[in-house]
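Secondary and tertiary structure notes
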Amino acid sequence: MTRYKMHLLVCGGTGCRASAADSITESLKESLQEHNLQDEVQVIMTGCFGFCEKGPIVKVLPDNTFYTEVKPDDTGEIVEEHLIKGRQVDRLLYEAPEGGKVKDSKHMDFYKKQIRIALRNCGFIDPENIDEYIARDGYFALGTVLSEMTPQQVIDQVKESGLRGRGGGGFPAGLKWEFAYKNQEQPKYVVCNADEGDPGAFMDRSILEGDPHAVLEAMAICGYATGADKGLIYIRAEYPLAIKRLKIAIEQAREYGMLGEGVFGTDFNFDVQLRYGAGAFVCGEETALIHSMEGERGEPTFKPPFPAESGYLGKPTNVNNVETYANVPVIINKGAGWFKKIGTEKSTGTKVFALAGKVNNVGLIEVPMGTTLREVIFEIGGGIKDGKKFKAVQTGGPSGGCLTEEHLDTPIDFDNLLAVGSMMGSGGMIVMDEDDCMVSVAKFFLEFTVEESCGKCAPCRVGNKRLHELLERITQGKAEKKDLQRLKNMCHVIADTSLCGLGQTAPSPVLSTMENFWNEYVAHVEDQRCPAGSCKDLMRYEIIPENCVGCTACARKCPVGAITGERKQVHEIDQDICIKCGACVDACKFDAVTIK
Amino acid sequence: MSRIKVKIKEQDLTKIREICQAHNNEPGELINVLQQTQEHFGYLPAEIQEAVAQELGLPVAKVYGVVTFYSFFTMIPQGRYPISICTGTACYVRGADNVLQEFKRQLGIAVGETSEDGKFSLNCLRCVGACGLAPVVLVGDKTYGRVAPDGVKDILAEYQDKE
Ligand SMILES: Cc1cc2nc3c(=O)[nH]c(=O)nc-3n(C[C@H](O)[C@H](O)[C@H](O)COP(=O)(O)O)c2cc1C
Ligand code: SF4
Ligand code: SF4
Ligand code: FES
């Protein structure tokens, strides 16, 4: 890599690829060829930079210039101006919300508060080239472990670090490894849970897309520590990019002797295979995941026995999440003491979040545990979109809850989030503004759990369906006050009697919104009113005659032709045809369309 | 082989055998086998499920049970331009539902259905990992970001003249 003077890093995460990162890479290469620079400047497609909102992103090294919203047509200018003449292309630089162009990524608020451990290589290396991983201390930890440490020492190191499972539960990883280690039965398996079922999250797939070797290395370390020689990654078939990069990484690691027979020339054998999930949220639950890997329907079974006792094919199995594994090589390299200093006492290290929703900087972020929600949403996230007011933040996906203004200063860690009625979950963080109706949000999650319930146990299969129906009635203004009490009671029964975590936590979005936004529920029931103005059955779009100038803008936008009126005449909306899409409100420049 | 009652072309059967053999006819590989079979045929109708069951030595009910459990498997043919609307949380709060309703209205089909001319099919999926572009719509491999209900017409128009 030394022969190149400069590097152009193009974000190759799913989001940026969706907006033409491939053709940007191609045309950058062409421009370089044109100017005969291909031997001096290297173009690398990396994993996700995290700053998805302003993608596609191109970063120039060594000066860290950070170009945002780059289009294939801009590449010529980047090459001619920046690389040849040494002048930054101003119009492509990131513009800070408070004004002014930001010259390099080190000065962006988005990155200042972040500490990147699990994401250390995402956006820095070419995930399809093992040499680049190795150049950043890759496979060094595996080497250390194999040459200098006993399995027990590895386990002690992980225990000492305080690393807790990042898949949602927060169970101490070292302890789990120890259970598998102590079980004498053979063969044993190391499983990586890359199912990522949370419907608003993309951290695990981004790690796999951006730094697949980190997970492979950690799985080998875990294999050595627990006495397993087979690794399995359970990944969704819907993640083609992550699968492709994993396959390449596994091939390369085998070639280099980091996987396979006699890893690093020792007598330790370890190989990794992929197993495909086929799109069922419940398969993220570890017992269901194991059944799915065995080719069965992915239905959970009662624990105990835990996977460490009887897992894949009835053998001892260690299941950890992608992000949990991604932390391990760093813990070995830098020591448990170093890791423990980051984060809070009971939740050490960092957490990756997929920050999305009504926030200015949607993206993938990694912050020390103990960072407050306010710092994440307002400093890193750049506040609420379109100058609206913050209303709630949802963490923990379908198992979590909605937190409000009053929780903004809560330091984020496993225990604090549970204490305020939500949970860490796998790291989805969705920000909502004043236009979001909390009853509808609860209904959205219930719809998801009803769809995803495996149907094995009645409280979850039937109960959640009833919850969803009740919520539906509330949003239609057809519920009574006593329904709210019924709703609450049913939530508790479902939580107490369901077999697996899916059913047990399914009522959480309802309970937490009832707790924090009770008035909103009451307004739907008593006044048939949706305070956020989002429940369609409770609203009417009307044209205010005094404001309407008859410009026809709304009528042209209306997708169903519900608006009639001659040019320069007051227009009217036919309520029977209107589908309440809201397009007319946006179309009218005279504020003549109101929602009632 | 005489157990297969429904007609299935010899070449299709050969393909299914090939896929099963690549997985050593291992019943535990059922999901991987089904996935490759679907990749080849586009969908998994009853006769194909029967053939797979036969090859792997499994009851047809078991294969059917797995096919219907996982949302990735489909028993009806997809459109030539399969449309998927992301209804993940991030897309939901940025208005994915309105976009979905508009697609349903324009195409006159429900989620999970295919248009009569076999051109479009409509499905939902949860988070495609491009939340920064929410709401997101996929048509085949092509991604459309920040889609508004009034942009639906333009998306469909792109495919109107294509076969
Ligand atoms: C319904 C349900 C869904 C889950 N989904 C996931 C998931 O998508 N990814 C994940 O890593 N863990 C998921 N889990 C947690 C796993 O059961 C398991 O605890 C985790 O993979 C263990 O790894 P960790 O200790 O490293 O977090 C889920 C649990 C439940 C109950
Ligand atoms: S709680 Fe729901 S998902 Fe879990 S076993 Fe019962 S029915 Fe299945
Ligand atoms: S809300 Fe939508 S459907 Fe109703 S009148 Fe306005 S544009 Fe037409
Ligand atoms: S929720 Fe739609 S892309 Fe993430």
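The rules behind the values
- One numbering rule holds for all chains: residues counted from 1, following each sequence as written.
- Naming scheme: in the order in which they are written, chains are lettered from A and ligands are numbered from 1.
- Note on the predicted model: pLDDT of at least 70 is required for a residue's local features to be given, and 80 or more for side-chain atom pairs to be given and counted; whole-chain, interface and lining totals, by contrast, use all residues.
- Note that the side-chain values use all heavy atoms of the structure and ignore hydrogens as well as water.
- Strands are runs of DSSP state E lasting at least 2 residues, helices are runs of H or I lasting at least 4, and numbering of each runs from the N terminus.
- For the radius of gyration, the atoms used are the C-alpha atoms, and the globule rule reads 2.2 Å times the number of residues raised to 0.38.
- Residue contacts are defined here by distance: any two heavy atoms, one from each residue, within 4.5 Å place the two residues in contact.
- Only the protein chains shown count as cover for residues, and the accessible areas themselves come from Shrake-Rupley with a 1.4 Å probe.
- These domain limits were set by an automatic method or by a database of domain assignments.
- Put simply, buried area is the surface a 1.4 Å probe can reach on two separate parts but cannot reach once they are joined, added for both.
- In protein, a polar contact requires one atom able to donate a hydrogen and another able to accept it; more generally it is a pair of N or O atoms within 3.5 Å, and residues adjacent in sequence count only if both atoms are side-chain atoms.
- Nonpolar residues are Ala, Val, Leu, Ile, Met, Phe, Trp, Tyr, Cys and Pro. Charged residues are Asp, Glu, Lys and Arg, and all others, Gly as well, are polar.
- When a carboxyl oxygen of Asp or Glu lies within 4 Å of a side-chain nitrogen of Lys or Arg, that pair is called a salt bridge.
- Each residue is placed in one exposure class: buried if its accessible area under a 1.4 Å probe, protein chains only, is under 20% of its type's maximum, exposed if it is over 50%, and partly exposed if it falls in between.
- The rule for a residue being near a molecule or strand is that one of its heavy atoms must lie within 4 Å of it.
- When DSSP finds two or more bridges between two strands, those strands count as paired.
- In this analysis an axis means a line fitted to C-alpha atoms, helices contributing only their contacting stretch, and an angle means the value between N-to-C directions, from 0 to 180 degrees.
- Patch members must show over 30% relative accessible area and no salt bridge, and they are joined within 9 Å when carrying like charges or within 5 Å when they are nonpolar side chains of Val, Leu, Ile, Met, Phe, Trp or Tyr.
- By nonpolar core is meant a set of buried Ala, Val, Leu, Ile, Met, Phe, Trp, Tyr and Cys residues that side-chain atoms within 4.5 Å join together.
- For classification purposes, an angle smaller than 35 degrees is called roughly parallel, one larger than 145 roughly antiparallel, one from 65 to 115 roughly perpendicular, and anything else oblique.
- Should the near helix be turned counterclockwise from the far one by less than a right angle, the crossing is left-handed, whereas a clockwise turn marks it as right-handed.

Helices and strands together make up the secondary structure of chain A, namely 24 helices and 19 strands. Compactness check: chain A gives a C-alpha radius of gyration of 26 Å against a globular reference of 25 Å for 596 residues, within 12% of the reference. If one aligns the C-alpha atoms of chain A with their principal axes, the spans along those axes are about 85 × 70 × 40 Å. At a minimum sequence separation of 6, the contacts of chain A that also span at least 24 residues come to 69%. As displayed, chain A offers around 23100 Å² of accessible surface, 49% of which is attributable to carbon and sulfur atoms.

When its domains are assigned, chain B resolves into domain 1 (10–69) and domain 2 (81–158). Placing the centre of domain 1 of chain B and that of domain 2 of chain B at their C-alpha centroids yields a distance of 30 Å.

The subject of this paragraph is the interface of chain A and chain B. Each side of the interface is counted separately: chain A has 52 residues, and chain B has 36 residues. Contact between chain A and chain B buries roughly 3600 Å² in total, counting both sides, with carbon and sulfur atoms accounting for 56%. Its largest share of buried area at the contact with chain B, chain A owes to Ala278(A), Arg297(A) and Phe444(A), together 16% of the area lost on that side. Between chain A and chain B we count 19 residue pairs in polar contact (both at pLDDT 80 or more) in total. Of all elements in the fold, only α1 (14–18), β9 (271–277), α12 (286–293), β11 (350–357), β15 (428–433) and α17 (438–452) of chain A reach the threshold of two or more residues within the side of chain A that touches chain B. Looking at the side of chain A that touches chain B, the element that brings in the most residues is α17(A), giving 6 residues. Looking at side-chain class alone, the side of chain A that touches chain B contains 28 nonpolar, 10 polar and 14 charged residues.

With that out of the way, let us pick up unusual backbone geometry. Leu61(A) connects to Pro62(A) through a cis peptide bond whose omega is 10 degrees. Tracing the backbone shows Pro62(A) in the loop between β3 (58–61) and β4 (65–67). Phi at Leu313(A) takes a positive value of approximately 55 degrees, unusual for a residue other than glycine. Following the sequence through the fold, Leu313(A) ends up in the loop between α12 and β10 (317–321). Even without being a glycine, Arg146(B) presents a positive backbone phi close to 45 degrees.

Following the criterion strictly, the structure yields 50 salt bridges over all chains and no others. Two residues, Glu323(A) and Lys351(A), come together in a salt bridge whose shortest N-O distance is 2.6 Å. Of this pair, Glu323(A) sits in helix α13 (residues 322–334) while Lys351(A) sits in strand β11, and the two are 28 residues apart along the sequence. Assigned by exposure class, Glu323(A) and Lys351(A) land together as buried. Between Glu102(B) and Arg105(B) there is a salt bridge, with its nearest N and O atoms 3.1 Å apart. With Glu102(B) and Arg105(B) both in helix α6 (residues 96–107) and 3 residues apart, the pair spans about one turn of that helix. In this structure, a network of salt bridges that share partners links the residues Glu53(A), Lys385(A), Arg94(B) and Arg146(B).

A few words now on the site of ligand 2. Within the structure, ligand 2 sits among 13 residues, and Cys454(A), Cys457(A), Cys460(A), Cys500(A) and Gly503(A) are positioned closest to it. Of the residues contributing to the shell around ligand 2, the split by class is 8 nonpolar, 4 polar and 1 charged.

The next point concerns the site of ligand 1. Residues and elements named next belong to chain A. What surrounds ligand 1 is a group of 18 residues, the closest being Gly167, Asn193, Asn320, Asn321 and Thr324. For ligand 1, an oxygen atom lies 2.7 Å from a polar atom in the backbone of Gly167. Considered on its own, ligand 1 offers 610 Å² of accessible surface; in the complex 88% of this is hidden by protein. Taken together, the elements giving at least two residues each to the shell around ligand 1 come down to β10 and α20 (501–505). Sorting elements by how many residues they give to the shell around ligand 1 places β10 first, with 3 residues. Among the residues making up the shell around ligand 1, the classes are represented as 3 nonpolar, 9 polar and 6 charged.

Glancing now at the sheet that holds β10(A). Residue and element names in this part refer to chain A. Across the sheet, 4 strands lie side by side as β9-β8-β7-β10; this open sheet has parallel pairing. Each edge of the open sheet is held by one strand with a lone partner, namely β9 and β10. The sheet shows a mean angle of 25 degrees between the axes of neighbouring strands, taken without regard to direction. With 7 bridges connecting them, strand β8 (residues 230–236) and β9 associate as parallel partners. Across the sheet, the residue bridging to Lys230 is Asp271, located in β9. The sheet strands contacting helix α11 (residues 240–255) are β8 and β9, and the helix crosses β9 at an angle near 165 degrees. In the packing of α13 onto the sheet, the strands contacted are β7 (189–194) and β10, and the crossing angle to β10 comes to about 90 degrees.

What follows is about the side chain of Thr65(A). With respect to the secondary-structure elements, Thr65(A) resides in strand β4. Setting aside chain neighbours within four positions, we find Thr65(A) in contact with Val58(A), Lys59(A), Val60(A), His82(A), Gln88(A), Leu93(A), Lys103(A) and Asp104(A).

It is worth spelling out the environment of Gly162(A) at this point. All names here are of chain A. Checked against the element boundaries, Gly162 lands in the loop between α7 (151–161) and α8 (173–182). Here Gly162 falls in the partly exposed class, since its relative accessible area comes to 24%. In this structure, the C-alpha to C-alpha distance between Gly162 and Gly174, residues 12 residues apart in sequence, is 7.8 Å.

The next subject is a nonpolar patch on the surface. A grouping of Phe171(A), Leu175(A) and Phe179(A) is seen on the molecular surface, where their side chains present a nonpolar patch of about 270 Å² in accessible area. Here Leu175(A) lies in helix α8.

On to the nonpolar core. For soluble globular proteins, the rule of thumb is that nonpolar side chains tend to be buried together. Counting residues in hydrophobic clusters, the biggest one holds 142 residues, and the most contacted among them are Trp177(A), Ile233(A) and Ile235(A). No other element matches the 10 residues that helix α10 (residues 212–226) of chain A contributes to this core. Setting aside its immediate chain neighbours within four residues, Ile235(A) contacts Ala194(A), Leu208(A), Ala242(A), Ile243(A), Leu246(A), Arg275(A), Tyr276(A) and Gly277(A). Residues Ala278(A), Leu44(B), Ile48(B) and Phe69(B) belong to the second largest nonpolar core, which totals 42 residues.

With that settled, consider the domain arrangement of chain A. Per the domain assignment, the segments of chain A are domain 1 (6–112), domain 2 (130–339), domain 3 (350–433), domain 4 (438–526) and domain 5 (540–595). A separation of 37 Å is found between the C-alpha centroids of domain 3 of chain A and domain 5 of chain A.

All names here are of chain A. For helix α22 (residues 518–526), every residue scored as buried is listed here: Glu520, Tyr521, Val522, Ala523, His524 and Val525. Buried-residue contacts for α22 involve β13 (390–395), α17, α18 (458–475), α19 (481–497) and α21 (508–516). Positive phi appears at Gln528, one or two residues downstream of α22, with a value of about 45 degrees.

All right, on to the pairing of β10(A) then. Residue and element names in this part refer to chain A. Of all 5 residues that make up β10, 5 are buried, and the element is covered over most of its length. Neither face of β10 is open: one carries Thr317, Val319 and Asn321, the other Asn318 and Asn320, and all of them are buried. Of the strand pairs in this sheet, β7 and β10 are connected by 5 bridges, and their pairing is parallel. Considered in β10, the bridge of Tyr189 is made with Thr317.

For the rest of this paragraph, the subject is the packing of helix α6 (residues 140–148) of chain A against α13(A). Angle between the axes and distance between the axes are the two parameters that describe a pair of packed helices. Residues and elements named next belong to chain A. α13 packs onto α6 with a crossing angle of 60 degrees between their chain directions and a minimal axis gap of 8 Å. Regarding the angle of α6 to α13, the classification is oblique. Crossing hand, α6 versus α13: left-handed. Only Pro329, Ile332 and Asn333 of α13 make contact with α6, whose side of the interface consists of Phe140, Ala141, Thr144 and Val145. Looking at side-chain class alone, the contact of α6 with α13 contains 5 nonpolar, 2 polar and no charged residues.

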